[in-house]
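For reference, the chains in residue letters:
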Amino acid sequence: MSAQPDITLLTAAEVARYARDALQGGSPVVSVLAIEAEDDDSDAVGRRILVCHDRVLGTLGNKIVDNAAIQAARDFLRGGEAAASTTGRETSGIPALYFEAHRPPNTLVIVGAGHIAQPLCRLGATLGYAVTVLDDRPEFATRERFQDATTVRRVDFADPFREIRLGERSHLVLVTRGHKYDYEALRSLLLGREEPAYVGMVGSRRRVRAAFEQLKAEGVPAERLARVHAPIGLDIGAETPAELAVCIAAELIKARRGGSGASLRDRERVVERWITERP
Amino acid sequence: MSEDLKVWSAVAAASEEGRAGVLATIVRAKGSTPRGVGSKLLIDPEVGLVGTIGGGCGEAEVIETAREVLASGVPRMVRVNLTEDLFSWSPAVCGGYFDVFVEAITLHADTDRNSA
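As the structure is a computational prediction, the values presented were derived from the model and not from experiment.

Colleague: Any chance you could break down the sheet that holds strand β3 (residues 48-51) of chain B for me, citing the residues and the numbers?
Modeller: All names here are of chain B. Taken in spatial order, the five strands make up an open sheet running β3-β2-β1-β5-β4, and their pairing is antiparallel. With one partner strand each, in any of the chains shown, β3 and β4 (76-81) form the two edges of the open sheet. Adjacent strand axes in the sheet meet at a mean angle of 25°, parallel and antiparallel pairs treated alike. Note that strand β1 (residues 22-30) and strand β2 (residues 40-44) share four bridges and pair antiparallel. Within the sheet, the bridge partner assigned to valine 22 lies in β2 and is isoleucine 43. Sitting on the sheet, helix α1 (residues 3-16) is in contact with β1, β2 and β3, with an inclination near 30° to β2.

Right, dumping it as structure tokens:
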């Protein structure tokens, strides 16, 4: 193609810098990439736009396409949790567009820095959470014990979240050394206004019931109690601290992605449906 | 660290250090595929591979294309079919297909292509 107007193109490398900042806790941005276009518009392929909350960088080539892309990018960011999506070339003159949202990380807040917390911290970091570990014992809440954590802090369990920002990206796991402390932490959370994405607490059926009855008596609405994952975790027969960490991490994934938690073999029943001979 | 952060950080680092590389992104996926839309692989000739788009033969195909894209500077779409015959023992039997957008990361699209 000949003489293009003087437009500033946005490279993947520049997008990478914005994406890196957003993914590390900055404000969310959406990048738009033109992936397919009509033959006479093939120069558009590979161009990008980056939509930040207060400005837009780059261009796909012309104003009409840009405006459509920017609007779609804003809708995509508002539309929920999805990280990436692609539109086709339904509208003539608009290239097929790939959208990617770059959002700050989900956080995992582990209350209690004991046996379960250590493997759970490692697993959480591997799964992409920014992990915070809290305990009231300075000798347990240490960097050395939690090398994969983003934050390790000594707190009072009666008010453990005072300096922690909780929001819709937060996942809370209450695994302190004593049920009394789990209860206190849960109480301070449920009497507050924050609504984390996930709250889980260890405990036997009896202890969980006692905790819920007491919180109900203190005025916590039943529907808020019903959202608490207690007893915590998926039923995989976990016993050791590492196994319990897997059972909790599995529930975190399930809460985010959906799924039944059942064995895929039992869901698909390949042998029963295809292999076993029928009479 | 999340998978996306790992790859985007590597893209930023490669360009900051003045290296060319190729970014491959799954932009469409249909049926049963190992990784979904948004999965990424950076092919950095010095560092190697960062991230994954599912491994196996699809990834090999994409890496092959990456060489051409790096040489030409022109992005390309690669369709990876995973619908080979079930009993071929090929790894490509997941049952779906995916499209991978392959682009050079130091590309300034128009200037590079026009000067070619």
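Colleague: Pulling in residues and values, what's your account of the side chain of aspartate 135 of chain A?
Modeller: Residue and element names in this part refer to chain A. Take aspartate 135: it is sitting in strand β7 (residues 130-135). For aspartate 135, a relative accessible area of 0% gives the class buried. In this structure the side chain of aspartate 135 is engaged in a polar contact, spanning 3.0 Å, whose partner is the backbone nitrogen of arginine 137. Setting aside chain neighbours within four positions, we find aspartate 135 in contact with Gly112, Ala113, Gly114, Phe140, Ala141, Arg153, Arg154, Val155, Phe157 and Arg177.

Colleague: Describe in detail α1 of chain B, supporting the description with residues and values.
Modeller: Residue and element names in this part refer to chain B. With 14 residues, α1 extends 20 Å between its outermost C-alpha atoms, agreeing within 8% with the 20 Å of an ideal straight helix rising 1.5 Å per residue. Regarding α1, the residues found buried are Leu5, Val7, Trp8, Ser9, Ala10, Val11, Ala12 and Ala14. At the exit of α1 stands glycine 18, carrying a positive phi of roughly 75°.

Colleague: Could you give me a rundown of the sheet that holds strand β3 (residues 56-58) of chain A, with the residues and numbers involved?
Modeller: Residue and element names in this part refer to chain A. Strand order in the open sheet formed by five strands is β3-β2-β1-β5-β4, and the pairing between neighbours is antiparallel. Two strands in the sheet have a free side with no partner beyond their single neighbour: β3 and β4 (84-87). On average, each strand axis in the sheet is inclined to that of its neighbour by 20°, with strand direction left out of account. One ladder, built from four bridges, connects strand β1 (residues 29-36) with strand β2 (residues 48-51); its direction is antiparallel. Looking at the pairing, serine 31 lines up with leucine 50 of β2. Packed onto the sheet, helix α2 (residues 63-78) meets β1, β2, β3, β4 and β5 (96-102) and runs at close to 40° relative to β5.

Colleague: Could you give an account of helix α1 (residues 12-23) of chain A, with specific residues and numbers?
Modeller: Here α1 of chain A spans 16 Å end to end across 12 residues, near enough to the 16 Å set by a 1.5 Å rise per residue. Lining the buried residues of α1 of chain A we find β1, β2 and β5 of chain A together with α1 and β5 (97-104) of chain B. Remark: glycine 25 of chain A follows α1 of chain A within two positions and exhibits a positive phi of approximately 120°.

Colleague: Requested: an account of the nonpolar core, with residues and values cited.
Modeller: Residue and element names in this part refer to chain A. One finds Val109, Val111, Phe161, Leu186 and Leu190 to be the most contacted residues of the largest nonpolar core, which totals 25 residues. Every element with two or more residues in this core is listed here: β6 (107-111), β9 (170-174), α4 (179-190), β10 (198-201) and α5 (205-217). When near neighbours in sequence (up to four residues on either side) are disregarded, valine 111 contacts Leu134, Phe157, Phe161, Val173, Leu174, Val175, Thr176 and Ala185. Formed by 23 residues, the second largest nonpolar core is a distinct cluster that contains Val131, Phe146, Val173 and Ile248.

Colleague: Can you tell me about the layout of surface pockets, naming the residues and giving the values?
Modeller: As a volume, the largest pocket reaches approximately 1,600 Å³. Sorting elements by how many residues they give to the lining of the largest pocket places α1 of chain B first, with four residues. Here the residues of the lining of the largest pocket are counted per class, giving 19 nonpolar, 16 polar and 15 charged. Estimated volume of the second largest pocket: approximately 200 Å³. Around the second largest pocket, the lining residues are Glu81, Asn106, Glu168, Arg169, His171, Ala197, Tyr198, Ala255 and Arg256 of chain A.

Colleague: Go over the interface of chain B and chain A, please, and point to the residues and values.
Modeller: With 29 residues of chain B in contact, the opposing surface of chain A contributes 32 residues. The contact between chain B and chain A buries some 2,400 Å² in all, and 57% of this surface belongs to carbon and sulfur atoms. On inspection of chain B and its partner chain A, the count reaches five salt bridges. Here arginine 28 of chain B ties to glutamate 36 of chain A by a salt bridge, and the two come within 2.7 Å at their closest N and O atoms. At the level of elements, α1, β1, β5 and α3 (109-115) of chain B are the ones that each hand at least two residues to the side of chain B that touches chain A. With eight residues, the single largest contributor to the side of chain B that touches chain A is α1 of chain B. Residue composition of the side of chain B that touches chain A, by class: 15 nonpolar, seven polar and seven charged.

Colleague: Describe in detail the environment of alanine 250 of chain A, supporting the description with residues and values.
Modeller: Position of alanine 250 of chain A relative to the elements: it lies in helix α7 (residues 241-257). When the C-alpha positions of alanine 250 of chain A and leucine 234 of chain A are compared, they lie 6.6 Å apart, and in sequence the two are 16 residues distant.

Colleague: How would you sum up the packing of α4 of chain A against α5 of chain A? Please name residues and give values.
Modeller: Two quantities define a packed helix pair, namely the angle between the helix axes and the distance between the axes. Residue and element names in this part refer to chain A. In contact at an axis separation of 11 Å, α4 and α5 are set at 35° when each is read in the N-to-C sense. The crossing of α4 and α5 is right-handed. Of α5, the residues touching α4 (which contributes His179, Tyr183, Leu186, Arg187 and Leu190) are Arg207, Ala211, Phe212, Gln214 and Leu215. Residues belonging to the contact of α4 with α5 are distributed by class as follows: six nonpolar, two polar and two charged.

Rules of the game
- Residues numbered from 1 in each chain as written.
- Chains lettered and ligands numbered in written order.
- Predicted model: local features only at pLDDT ≥ 70, side-chain atom pairs only at ≥ 80, totals over all residues.
- Heavy atoms only, no water.
- Pairing = 2+ DSSP bridges.
- Helix = DSSP H or I, 4+ residues; strand = E, 2+ residues; numbered from the N terminus.
- Axes fitted to C-alpha atoms, helices over the stretch in contact; angles between N-to-C directions.
- Contact = heavy atoms within 4.5 Å.
- Buried < 20%, exposed > 50% of the residue type's maximum accessible area, 1.4 Å probe, protein only.
- Polar contact = N/O pair within 3.5 Å; in protein donor to acceptor, adjacent residues only side chain to side chain.
- Expected span 1.5 Å × (residues − 1).
- Core = buried A, V, L, I, M, F, W, Y, C linked by side-chain atoms within 4.5 Å.
- 1 Å grid on protein atoms, 1.4 Å probe; cavity = no way out; pocket = protein on both sides within 12 Å on 5 of 7 lines; lining within 4 Å.
- Points joined across faces, edges and corners; volume = space filled by probe spheres on them.
- Nonpolar A, V, L, I, M, F, W, Y, C, P; charged D, E, K, R; others polar.
- Buried area = accessible area lost by both parts, 1.4 Å probe.
- Salt bridge = Lys/Arg side-chain N within 4 Å of Asp/Glu carboxyl O.
- Left-handed = near helix turned anticlockwise from the far one by under 90°.

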